[in-house]
Amino acid sequence: MDKIIENLNDRQKEAVLYNQGPSLVIAGAGSGKTKVLTCKVACLLKLGLAPWNILALTFTNKAAREMKERVAKLVDPRSASRLWMGTFHSLFLRILRTEAAAFGYPSDFSVYDTNDTKSLLKTIIKELQLDDKTYKVSSVASRISNAKNALISAEDYFNSPDIQQRDRDSRMPRVAQIYAQYVARCRQAKAMDFDDILFNTNVLFRDHPEILAQWQERFQYILVDEYQDTNASQYLIVKKLAEPHHRVCVVGDDSQSIYSFRGANIENILKFQSNYPESKLFKLEQNYRSTQNIVNIANSLISNNQNRIKKEVFSQREKGNLIQIMGAMSDVEEAYMVAGKIAEMRNRQYEHWADFAVLYRTNAQSRVLEEAMRKRNIPYRVYGGMSFYQHKEIKDILAYLRLMLNPDDEESIKRAFKYPSKGIGDTTLNKLQDASRQHGVSLWTVLESPINYGVVANNGTLNKLAAFRQMIEQLQAKVNELSVYDFTQMLLQVSGISQDMLKETGVEGITHRENVQSLLAGMHEFCQTRLEEGIEDTSMAAYLSEVALNTDQDEEDNEDKVFLMTVHASKGLEFNNVFVTGMEENIFPSQRSCESQAELEEERRLLYVAITRAGNRCALSFAKSRFRNGNTEFSRPSRFLRELDPRLIEQGSASLSSPFGASPFGSSSSYGSSSYGSSYSGQSSSMNLQRKQTYPQRTSPMPKPRSTSPSMNTASSMSAESPRSWKRMPASPATASTVGQAVPGKTGLASVQSSKGNFVVGQKVLHDRFGEGRITSIEGQGDNCKIGVEFVHSGFKMLLLKFASMRPIE
DNA sequence: GGAGCTTCAATTTTT
DNA sequence: TTGAAGCTCC
């Protein structure tokens, strides 16, 4: 026991050792939250609790995995593997499967993922003959999801005057019907969606006290990670399970609550103490991750929030570097600036690429950043994006597997129907669906005898349907005879998927086949592991129940690369150096979050999360113009920048006082030119940055672009600025009338006069997109006059004067 | 049933 | 601008 807690500080020890009643552990950023949780679990085991008496709930598979590994190291792997430690969804799914009979489901019901849900909703909206522009699938889905997470059933939804009024106000009065229909169809398909797992767990516990009592008895101690992210449904499950013994420990940080949009209720953590009056509060306030300056500037920001639990996060590390704020003329320049800084810092500090993270508020911002990284030969990875199990080819195969256990699974039938193509089109599918709806039976039932259900089709079609049905039945007969691995290999042959995939040519085909191979490899591993552990069941059912909720990334990318990700995705991670980009009004905070105080506070917490990811250095950047939704938009620096303690911001960083309120593209040239000249070392000079252009570039492998078609059309640094990119700056004063009058010099030309001003070799210029630079050459005349400019952040460019939106400065 | 066209919208995301 | 989704035509 002592050994487990020997590396903890006093606060952490108290939190770990207290287990007389409910406790709330407020764990500031970087305060060793996971350590406390894992040590607590280890202590409980040492105190004699059986692993299966401990319920430890997380939000992600990754968190659960990591925690399990750490517990395994503290105690023994065997005990660790027997803990009830996992995500809310995976553990309660397990319970639901066990208790399925109690609420009239088969134990191998299907689990619908977001795609299935949306596809079903789309069908229902069509069937109800509602306008799919008014009833957008995504908004209907989110209303239903929010309702479920708030434990509002379809019936409650229909009967709630408030909700009905709200739906009428937003011109979607029939969401209640869609909801009801959706629930009915899920039940018919013997399927549950993610939200149902929690919702139905509540229903189960509500309607079956005897079952609840069993699980209460089992879970002697309950721990919840990231409690600030719990929704009403999760809150209530925990409350019910902990009712008899009240031994529950929740850990979280209200300042890091950033998921209200998906139903998380920050009140759960704020009100924990009133919900559990006898509870004890522990605060972990020492941050071990970040320097004092980073912790303090984050504190100065978050102190602007009203709704929070009082705490004083502090660091005993060195003061560290000041926080830098960098301004750029455009999104492109911002990206180059960040890329340049990363390259420079890496060389100077002998750091790894992976010590750097570039964070942004929206995914769309990654584009320019990626481009800048590629141009600078900086290897990077974009974190997030599509997970393995969301790929079409994987989902198609899993649909077949799901059908084996549950042929009533409508979404899976539809998938299997469509792929590989069987000559059965939408027309036939619609007929089948209509019949299924009219007779109140599943699609599969209709398929078993289409004619009996009034499906009118020609013989060819009927034969195809019969062939499909036979194939499924034939496969079903084998399911229990083979391991998943063997079965799936057979399935790929029988269904024609293998043959079809071989037909695919090109890069995408290769990727698809590789993904299928990975799926098979995963299945093989599943079987091996099971056999090694002495579990004989390597069936598909066993596999599917394990995989149903695996939606996280199987990222094995351990290469040394810079991380690019949204701020949301960065939660829980840490990096030596963090760049937070796009610090502009309407981006961060996002436009949609400016309406209410609560939303604005969440955006502030989001920035708090971003800043506290940094260990040693943190820089925030903004651009004065940004290309968004096909237009160049001008923006003002984020209001949050003004909330940061100015004493912790590096001198020479962008001045924030002047541009506010002024016209976004005011005439102050000093603003743009001085703002980004400073460097981390505090040597504030643009020369310093220019010099890095000559640094020998360490070669590094080019990262694979995410899309299959790498963008090759980006303006090469040697070419004249293309009209296409010029179009991106409609506000630029450049016109055809800017033809220059050249003055000859010793080599080439020394200067040129144009309607934009006088350009001389060696002169400083300010370009709307590339920012500040110095002219190195002038050649050609008239329309062909080209000016070579060495830009501070964008490197050398040869620009056609005619198009360049550039003016001399100084 | 698929290639190619038009249209339309455009935070954040795990399970 | 991108991309997804729907529509048309072969």
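Here's what I pulled together on the structure shown here. Every chain is numbered independently, its residues counted from 1 as its sequence is written. Each chain takes a letter, starting from A, and each ligand takes a number, starting from 1, following the order in which they are written. Where local features are concerned, this predicted model is filtered to residues with pLDDT of at least 70; where side-chain atom pairs are given and counted, the filter is 80 or more; whole-chain, interface and lining totals use all residues. Calculated side-chain values reflect all of the structure's heavy atoms, with hydrogen atoms and water omitted.

1. Quick notes on the sheet that holds strand β2 (residues 54-58)
Piece 1. Spatial ordering of the open sheet is given by β3-β2-β6-β7-β1-β8, a layout of six strands whose pairing is parallel. Looking along the sheet, the strands with just one partner apiece sit at the ends: β3 (84-87) and β8 (280-284). Direction aside, neighbouring strands of the sheet carry axes that sit 15° apart on average.
Piece 2. Strand pairing follows a simple DSSP-based rule, namely that at least 2 bridges must link the two strands. Counting from the N terminus, the helices are the DSSP runs of H or I reaching at least four residues and the strands are the DSSP runs of E reaching at least two. For strand β6 (residues 221-224) and strand β7 (residues 248-252), the ladder comprises three bridges, and the chain directions are parallel. In the strand pairing of β7, Val-224 is matched with Val-250.
Piece 3. Here, two residues are considered to be in contact whenever any of their heavy atoms come within 4.5 Å of each other. In this description, a line fitted to the C-alpha atoms serves as the axis of each element, helices being fitted only across the stretch in contact, and the angle between N-to-C directions of two axes falls anywhere from 0 to 180 degrees. On the sheet, helix α4 (residues 61-74) packs against β2 and β3 and is oriented at approximately 155° with respect to β3.

2. Focus on unusual backbone geometry
Piece 1. With an omega of -15°, the peptide bond running from Tyr-419 to Pro-420 counts as cis.
Piece 2. Inspection of the secondary structure assignment puts Pro-420 in the loop between α21 (410-418) and α22 (426-439).
Piece 3. Even without being glycine, Arg-171 reaches a positive phi, approximately 60°.
Piece 4. Even without glycine at this site, Asn-629 takes up a positive phi of about 50°.
Piece 5. Mapping Asn-629 onto the fold places it in the loop between β16 (614-628) and β17 (631-634).

3. Overview of the nonpolar core
Piece 1. Among buried residues, those of type Ala, Val, Leu, Ile, Met, Phe, Trp, Tyr and Cys that are joined through side-chain atoms within 4.5 Å constitute a nonpolar core. Each residue gets one of three labels from its accessible area relative to the maximum for its type: buried under 20%, exposed over 50%, partly exposed in between, using a 1.4 Å probe on protein chains only. The biggest cluster of nonpolar side chains holds 48 residues, and the ones touching the most others in it are Phe-468 and Tyr-543.
Piece 2. Ranked by the residues each element gives to this core, the list is headed by helix α20 (residues 392-405), at seven residues.
Piece 3. Excluding anything up to four places from it in sequence, Phe-468 contacts Leu-403, Ile-413, Ala-416, Phe-417, Lys-422 and Leu-447.
Piece 4. Of all hydrophobic cores here, the second largest spans 43 residues; its members include Leu-96, Phe-103, Ile-237 and Leu-270.

4. Describing the pairing of β2
Piece 1. In terms of burial, β2 is a largely internal element, five of the five residues being buried.
Piece 2. Burial along β2 is two-sided: Ile-54, Ala-56 and Thr-58 facing one way and Leu-55 and Leu-57 facing the other are all buried.
Piece 3. Direction of pairing for β2 relative to β3: parallel, over a ladder of four bridges. Within the sheet, the bridge partner assigned to Ala-56 lies in β3 and is Met-85.

5. Focus: the pattern of salt bridges
Piece 1. The term salt bridge refers to a side-chain nitrogen of Lys or Arg lying within 4 Å of a carboxyl oxygen of Asp or Glu. This model, assessed by the stated rule, comprises 37 salt bridges.
Piece 2. Of the charged contacts, one joins Arg-402 and Asp-116 as a salt bridge, the two residues approaching to 3.1 Å between their closest N and O atoms. With a gap of 286 residues between them, Arg-402 in helix α20 and Asp-116 in helix α7 (residues 114-127) connect regions that are remote in the sequence.
Piece 3. We note a salt bridge from Lys-190 to Asp-408, for which the minimum N-O separation is 2.5 Å. With Lys-190 in the loop between α11 (175-188) and β5 (191-193) and Asp-408 in the loop between α20 and α21, the pair connects residues that are 218 residues apart, well separated along the chain.
Piece 4. With relative accessibility at 12%, the residue Asp-408 sits in the buried group.
Piece 5. One continuous salt-bridge network, built from bridges that share partners, spans Lys-33, Asp-225, Glu-226, Asp-229 and Lys-571.

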